[in-house]
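# Observations on chain architecture
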Amino acid sequence: MTRRRTAVLLAGALLVAAPAQQAQATVAEKAKFVFHLGAAYYAFNTWVWKPYRQYKFQVGAPGQRANIVKAGLALAFAAYQVNAAVKMTRNTKDPFLNKIGSLLPGFGQSLGAVGSDLQRGRFNEAGIHDLNRRMNTLLNTAQDQGQPIRPVAVPIPGL
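Treat the numbers as computed from the prediction; the structure is a model and nothing was measured.

A word on the confidence of the model for the protein. Summary statistics for the protein give a mean pLDDT of 82 and a share of 82% for residues scoring 70 or more. The spread of mean pLDDT over the elements of the protein runs between helix 1 (residues 2–22), the lowest at 44, and helix 2 (residues 27–53), the highest at 92. Confidence drops under a pLDDT of 50 for residues 5–23, and excluding neighbours within four residues, the segment shows four contacts in the predicted structure.

Shown next, in the form of structure tokens:
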């Protein structure tokens, strides 16, 4: 009878403790999440936003076509990183991951759409401005939650 009682008590404790353990994401999960978003931010900032502000996408700029295609590849990489972060937020109860995760699905789709245009050599100025606005919203929200997102320099094959 004591074995059975011990098993029942243990099972009861596990049922009570399991939801409490999933309420907060671990430090490693948050670090991985922030890494993915930092890599996406680095790709966008380095290969899209800075060249755009330096007028490298304008007609007649040296290497214009190559810069536009590089920006498209960088956005495809950023979309991949954002989608990896979205997958991490699907089954979490962590308030930070839920808050930031709610901003990501539309952002990932925008990255993919603008990136596809750029890869084909089509310059989408309004799309780039929209991505910058969304990126700033994402960064500010993360900062307000006490988890700043910093650029993570990840080598992108071919760039």
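Anyway, onward from the coordinates.
If you look at the biggest cluster of nonpolar residues, it comprises 37 residues, and the most contacted ones within it are Phe33, Leu37, Leu75, Val82, Leu104 and Leu111. Secondary-structure elements contributing two or more residues to this core are helix 2, helix 3 (64–89), helix 4 (95–101), helix 5 (104–119) and helix 6 (125–144). Ranked by residues supplied to this core, first place goes to helix 2 with 11 residues. When near neighbours in sequence (up to four residues on either side) are disregarded, Val82 contacts Leu37, Ala40, Leu104, Phe107, Gly108 and Leu111.

Running from N to C, helix 2 and helix 3 point in directions that differ by 165 degrees, and their axes come no closer than 8 Å. Considering the angle they form, helix 2 stands roughly antiparallel to helix 3. Remark: the crossing between helix 2 and helix 3 carries left-handed chirality. Between helix 2 and helix 3, the residues in contact are Glu29, Lys32, Phe33, His36, Leu37, Ala39, Ala40, Ala43, Phe44, Trp47 and Val48 and Lys70, Ala71, Ala74, Leu75, Phe77, Ala78, Gln81, Val82, Ala84, Ala85, Met88 and Thr89, respectively. Its residues assigned to classes, the contact of helix 2 with helix 3 comprises 17 nonpolar, three polar and three charged.

Let's shift gears to the packing of aromatic side chains. For the structure shown, the criterion picks out five aromatic pairs. With a centroid separation of 6.0 Å and 85 degrees between ring planes, the pair formed by Phe33 and Phe96 is classed as edge-to-face. Placement of the pair is Phe33 in helix 2 and Phe96 in helix 4, with a sequence separation of 63 residues. Each of the two residues, Phe33 as well as Phe96, counts as buried. Members of the aromatic cluster, each reached through a chain of ring pairs, are Phe44, Trp49, Tyr52, Phe57 and Phe123.

Here is what the cut-offs are and how they apply
Residues numbered from 1 in each chain as written. Predicted model: local features only at pLDDT ≥ 70, side-chain atom pairs only at ≥ 80, totals over all residues. Heavy atoms only, no water. pLDDT = per-residue confidence, 0-100. Helix = DSSP H or I, 4+ residues; strand = E, 2+ residues; numbered from the N terminus. Contact = heavy atoms within 4.5 Å. Core = buried A, V, L, I, M, F, W, Y, C linked by side-chain atoms within 4.5 Å. Buried < 20%, exposed > 50% of the residue type's maximum accessible area, 1.4 Å probe, protein only. Axes fitted to C-alpha atoms, helices over the stretch in contact; angles between N-to-C directions. Parallel < 35°, antiparallel > 145°, perpendicular 65-115°, else oblique. Left-handed = near helix turned anticlockwise from the far one by under 90°. Nonpolar A, V, L, I, M, F, W, Y, C, P; charged D, E, K, R; others polar. Phe/Tyr/Trp six-rings, centres within 6.5 Å; stacked < 30°, edge-to-face > 60°.

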